[in-house]
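Next come the chains, spelled out residue by residue.
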Amino acid sequence: MDPRTRSLLEAPILTTLLRLAAPNIVTTVVQGSIGLIDIYFMAKLGTDAVAGVSLVFPGLMLMQMMSGGAMGGGISSAVARALGAGRRDDADAILPHALVIGALFASFFCVTMLAFGPWYYALLGGRGAVLDNALIYSNILFAGVFLIWSFNVLANVLRGTGNTFITAVVASAGAALLIPLSPCLIFGIGPVPALGVAGGAIAMLCYYGLGTAIYAAYLWSGRSVVRPRLRSTRLRWPLFHEILRIGAVASVISLTTNLTIALVTGLVGAFGAAAIAGYGIGTRLEYMLIPLAYGFGGALVAIVGTNVGAGNRERALRAAWIGGWVSFAMTGAVGLAAVIFPAGWLSLFASDPAVIEAGTAYFRIVGPFYGFFGLGMALYFASQGAGTLRWPLIAGLLRMFVALAGGWLLLRMTGSLTAVFAAQSAALALFGIVIAVSVARGVWFPGKDARQRP
């Protein structure tokens, strides 16, 4: 057995979790920061540019969450369970199957967003210059969506083996390139013309293209635990099913998360462009919680998946609760910081008083509930490793219903933006509590000894 796989099965849980999570947090925070780099420079183009990019952001994050955390989680989980069960040939064969799935999903996103983008962004409240900026940014990004999917497929194969160091190195190096590249393309320099919001989209695709090339070089170098062979691997339905039975359900959960924020953006749009921009900047911090939770969640997929594959059920459950409560503490701390110092985040991206006011209202109402979101996300990723996602799916649907139906009802009753935000708080709390209760009641391993108290 490879030493990395053995450590997932036998090493102390907290030590192993922190060892895997530290580089994974670096990776996911850096990837989450890519959008912040864009919006930081685009904020200098004005409120219309920020509002336009904010309309695109939920759809972009949906695609990134599906490729990196949802379908990507299915890939990592499949690799981890195969290695834990000693099925080395299956682990090696998963990558070609994952690339086929990634290509199909990338094609869907590309065609859908290019065809229906104008209608979708107008539905969310985009008008005039705001809509124009949204379409420029969106069309470029989704035309190059194959790079994003390939990047995340390859990264998740590595995560499934317990290797989070390489992904951290690639993400950090790419971000170091992106910081100077984005302003050069957005504002122009020397012979490079100023491309505006289009420059930000092009810079982001450069990051994913370079990362994909580095991941591929490492995987085919022979130094990885898995040794993919594209030409000699025969595609088999059982391996597609192994990925899709987790990845497809997880994709629906990601859809509910992003659809919730996107449609709430539509409710907020009734209060104007400044409210959209303020809410958009605020939810970018909420989106940053996903990389933070995935820092532990990605590690949990590998630990839980490997132990479930090896039949170590109690160890898998202990790892899930340790990761869940650590994630609760960290994301809750971020939320409290946003409540106390909202301007510290908002002023990085906007100076318009109306934008700052809307973003501050969002943080003070929703921020205290960020911890529940972190707990729910960590246990959701752990559930990917366990191979069961029914209750995380139910929790995601309940969150969407409370956020949208509750937000719409409170808006009709009060006409208040803060009432819309109050519904988002209740939805986040419900999401975390439902998943935690389901795991505690033993849904992973039904039977008389299934219950596991946190």
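What you see is a predicted model; the values in this text were computed from it and never measured.

Rules used throughout
- Residues numbered from 1 in each chain as written.
- Predicted model: local features only at pLDDT ≥ 70, side-chain atom pairs only at ≥ 80, totals over all residues.
- Heavy atoms only, no water.
- Helix = DSSP H or I, 4+ residues; strand = E, 2+ residues; numbered from the N terminus.
- Rg over C-alpha atoms; globule rule 2.2 N^0.38 Å.
- Buried < 20%, exposed > 50% of the residue type's maximum accessible area, 1.4 Å probe, protein only.
- Areas by Shrake-Rupley, 256 points an atom, 1.4 Å probe, with all protein chains shown as cover.
- Lys, Arg positive; Asp, Glu negative; His and termini not counted.
- Charge placed at Lys NZ, Arg CZ, Asp CG, Glu CD.
- Expected span 1.5 Å × (residues − 1).
- 1 Å grid on protein atoms, 1.4 Å probe; cavity = no way out; pocket = protein on both sides within 12 Å on 5 of 7 lines; lining within 4 Å.
- Points joined across faces, edges and corners; volume = space filled by probe spheres on them.
- Axes fitted to C-alpha atoms, helices over the stretch in contact; angles between N-to-C directions.
- Parallel < 35°, antiparallel > 145°, perpendicular 65-115°, else oblique.
- Left-handed = near helix turned anticlockwise from the far one by under 90°.
- Contact = heavy atoms within 4.5 Å.
- Nonpolar A, V, L, I, M, F, W, Y, C, P; charged D, E, K, R; others polar.
- Salt bridge = Lys/Arg side-chain N within 4 Å of Asp/Glu carboxyl O.
- Bend = angle between axes of the 7 residues up to and from the residue.

J.: Give a detailed account of the overall build of the protein chain, specifying residues and quantitative values.
T.: Looking only at helices and strands, one finds 16 helices and 0 strands in the protein chain. What you see for the protein chain is a C-alpha radius of gyration of 21 Å, in line with the 22 Å of a compact globule of 454 residues. Dimensions of the protein chain, computed from the C-alpha atoms along their principal axes, are close to 60 × 55 × 35 Å. Taking all 454 residues of the protein chain together, the buried fraction comes to 60%. Accessible surface computed for the protein chain: about 16,400 Å², of which carbon and sulfur atoms make up 69%. Taken together, the 28 basic and 14 acidic charged side chains of the protein chain have centroids lying 8 Å from each other.

J.: Which residues make up helix α16 (residues 417-440), and what are the values?
T.: For α16, built from 24 residues, the straight-helix expectation of 34 Å at 1.5 Å per residue is met to within 8% by its first-to-last C-alpha distance of 36 Å. Counting buried positions along α16 gives 18 out of 24 residues, so the element sits mostly inside the fold. Where α16 ends, the next residue or the one after it, G442, has phi of about 90°, a positive value.

J.: Can you break down the layout of surface pockets residue by residue, with the values?
T.: Computed from the structure, the largest pocket encloses a volume of approximately 310 Å³. If you trace the largest pocket, you find 14 residues lining it, with L62, F109, M113, Y120 and L255 closest to the centre. Listed by contribution, the elements that provide at least two residues to the lining of the largest pocket are α3 (47-84), α4 (88-123) and α9 (237-268). Examining the composition of the lining of the largest pocket, we find that 7 residues originate from one element, α4, more than from any other. Here the second largest pocket defines a volume of roughly 160 Å³.

J.: Requested: an account of the packing of α4 against helix α6 (residues 145-160), with residues and values cited.
T.: Relative to each other, α4 and α6 sit at 150°, their axes nearing to 9 Å. With respect to their mutual orientation, α4 and α6 come out roughly antiparallel. Seen along the crossing, α4 lies across α6 with a hand that is right-handed. Residue-level inspection shows L95, A98, L99, G102, A103, F105, A106, S107, F109 and C110 of α4 in contact with α6, the latter providing V145, F146, W149, V153, L154 and V157. For the contact of α4 with α6, the class distribution of residues is 14 nonpolar, 2 polar and no charged.

J.: I'd like to hear about the pattern of salt bridges, residue by residue, with values.
T.: Enumeration over the complete set of coordinates arrives at 6 salt bridges. The salt bridge partner of R6 is E10, with a shortest N-O separation of 3.2 Å. Of the two residues, R6 and E10 both sit in helix α1 (residues 3-10), 4 residues apart, roughly one turn of that helix. Among the residues examined, R6 registers a relative accessible area of 36% and is labelled partly exposed. Accessibility expressed as a relative area gives 53% for E10, which makes it exposed. Between R88 and D92 there is a salt bridge, and its shortest N-O distance comes to 3.6 Å. Within this pair, R88 and its partner D92 are both found in helix α4, separated by 4 residues, close to a single helical turn. Each of R81, E242 and R245 takes part in a single network of salt bridges with overlapping partners.

J.: Hey, could you go over the side chain of D92 for me, with residue numbers and the actual values?
T.: The class for D92 is buried, based on a relative accessible area of 6%. The contacts of D92, once residues within four sequence positions are left out, are V225, V226, R227, P228 and R229.

J.: Pulling in residues and values, what's your account of the environment of L205?
T.: Here L205 lies in helix α8 (residues 197-219). Residues L205 and R441, 236 residues apart in the sequence, show an inter-C-alpha distance of 43 Å. Those residues in contact with L205 that lie beyond four places of it in its chain are I140, L141, G144, L147 and I148.

J.: Explain empty space enclosed by the protein residue by residue, including any values.
T.: Under the criterion given, the structure shown has 5 cavities of 30 Å³ or more. For the second largest cavity, the calculated volume is near 60 Å³. Lining the second largest cavity are T260, I261, Y279, E286, Y362, V366, R399, A403, Q424, A427 and L428. Listing elements by their share of the lining of the second largest cavity, those giving two or more residues are α9, α10 (273-310), α13 (353-366), α15 (390-414) and α16. Tallying contributions element by element places α16 first for the lining of the second largest cavity, with 3 residues. For the lining of the second largest cavity, the class distribution of residues is 7 nonpolar, 2 polar and 2 charged.

J.: Pulling in residues and values, what's your account of α4?
T.: End to end, α4 covers 48 Å across 36 residues, agreeing with the expected 52 Å (1.5 Å per residue, within 8%). Considering bend angle alone, the principal kink of α4 is centred on F116 and spans about 65°; proline P118 follows within four residues of it. Directly after α4, the chain includes G125, whose backbone phi takes a positive value near 110°.

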